Amino acid sequence: MIQNKRILITGGTGSLGRELARRLHTDNHIVVYSRNEERQYLMKQEFPKDHISFFIGDVRDTETLEYALHGCDIAIHGAAMKDLIMCEDQPTQTILNNIEGSRSFIQAVRRTPTVKRACAVSTDKAASPSNVYGCSKYIMEQLFREANRTSPCIFFSVRFGNMIDSTGSLISYWKQHPDTDIKLTHPEVARFFFRLKDGADTVTKAIEIAEGGEILIRKMKQARIHDILRIITGRD
């Protein structure tokens, strides 16, 4: 049980960040760190002011991140470029956000002695990576493992599958555009899927049990993309 902690979440206005804030804010103080002013404004309307703070900032800005981490006990690193196609088209930005941003996060945590646990949110695509996004997340995991070997803070990672109904997800897009023309590379293509609740459960459990340097992976349900498409759109 995580209680009476000050917890920073990078990418805190994203789908997982909001879910974690809802889960943890009652018994803790949440520090939301993100670049999105509009989403921060909306979150301010949803959460009580005495349980949550907001910082506008880029994860590559180590100084601002260190300022936001002041007094924190736990740091969760969820900020990243996640769109596969966008990462392929803009590998430079993917490196800057997912790798340099992670390195900046680690530096800021190491300079904040109150932080005892730091969790990186990764992806199943980091396993034998075959795309820019997966490669960037694999490197992030290794940066966290390296940091754990040279810091009193406990650094570790968690891996997720595809987050159902997260912002910009394929399933969300299909629900909004059921009549769009969709082409599958193969009818047997399958993916691992997670609900937001499962993602938040995994992060909070990992924070409680991690000993340092691990990549913690929860068992996930697999589904064929063709079956999901048929359920959502009613088409074969």
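Right above here is the structure, for reference.
Residues numbered from 1 in each chain as written. Predicted model: local features only at pLDDT ≥ 70, side-chain atom pairs only at ≥ 80, totals over all residues. Heavy atoms only, no water.

**So, the packing of aromatic side chains**
And step 1. For the structure on display, the rule yields 3 aromatic pairs.
And step 2. With a centroid separation of 5.8 Å and an interplanar angle of 80°, the aromatic rings of Phe55 and Tyr67 are classed as edge-to-face. Here Phe55, found in strand β3 (residues 52-56), pairs with Tyr67, found in helix α3 (residues 62-68); they are 12 residues apart in sequence, far enough to count as distant.
And step 3. Overall, the relative accessible area of 19% leaves Phe55 in the buried class.
And step 4. Here Tyr67 falls in the exposed class, since its relative accessible area comes to 62%.
And step 5. Arranged with centres 5.9 Å apart and planes meeting at 20°, the rings of Phe105 and Phe144 form a pair that is stacked. Here Phe144 lies in helix α6 (residues 132-149) and Phe105 lies in helix α5 (residues 91-110), a separation of 39 residues in the sequence. (Phe/Tyr/Trp six-rings, centres within 6.5 Å; stacked < 30°, edge-to-face > 60°. Helix = DSSP H or I, 4+ residues; strand = E, 2+ residues; numbered from the N terminus. Buried < 20%, exposed > 50% of the residue type's maximum accessible area, 1.4 Å probe, protein only.)

**Looking at the sheet that holds strand β5 (residues 117-123)**
And step 1. With parallel pairing, the 7 strands of this open sheet are ordered in space as β3-β2-β1-β4-β5-β6-β9. Of all strands in the sheet, those bounded by a partner on one side alone are β3 and β9 (215-217). Sheet twist, expressed as the mean angle between neighbouring strand axes with direction ignored, is 20°.
And step 2. Summarising the sheet, strand β1 (residues 6-10) and strand β2 (residues 29-34) pair through 5 bridges and their orientation is parallel. When the sheet's bridge partners are listed, Ile9 is paired in β2 with Val32.
And step 3. Strand contacts of α6: β4 (74-77), β5, β6 (154-160) and β9, with the helix running at about 160° to β5, the strand carrying the most contacts. (Pairing = 2+ DSSP bridges. Axes fitted to C-alpha atoms, helices over the stretch in contact; angles between N-to-C directions. Contact = heavy atoms within 4.5 Å.)

**Overview of the packing of helix α1 (residues 15-24) against helix α8 (residues 196-209)**
And step 1. At their nearest, the axes of α1 and α8 sit 9 Å apart, and the two run at 65° to each other. Crossing handedness for the pair α1 and α8: right-handed. Contacts between α1 and α8 involve Ser15, Leu16, Glu19, Leu20, Arg23 and Leu24 from the former and Leu196, Lys197, Gly199, Ala200, Asp201, Val203 and Thr204 from the latter.
And step 2. Considered class by class, the residues forming the contact of α1 with α8 number 6 nonpolar, 3 polar and 4 charged. (Left-handed = near helix turned anticlockwise from the far one by under 90°. Nonpolar A, V, L, I, M, F, W, Y, C, P; charged D, E, K, R; others polar.)

Spatial relationships are all this shows, so hold off on functional conclusions.
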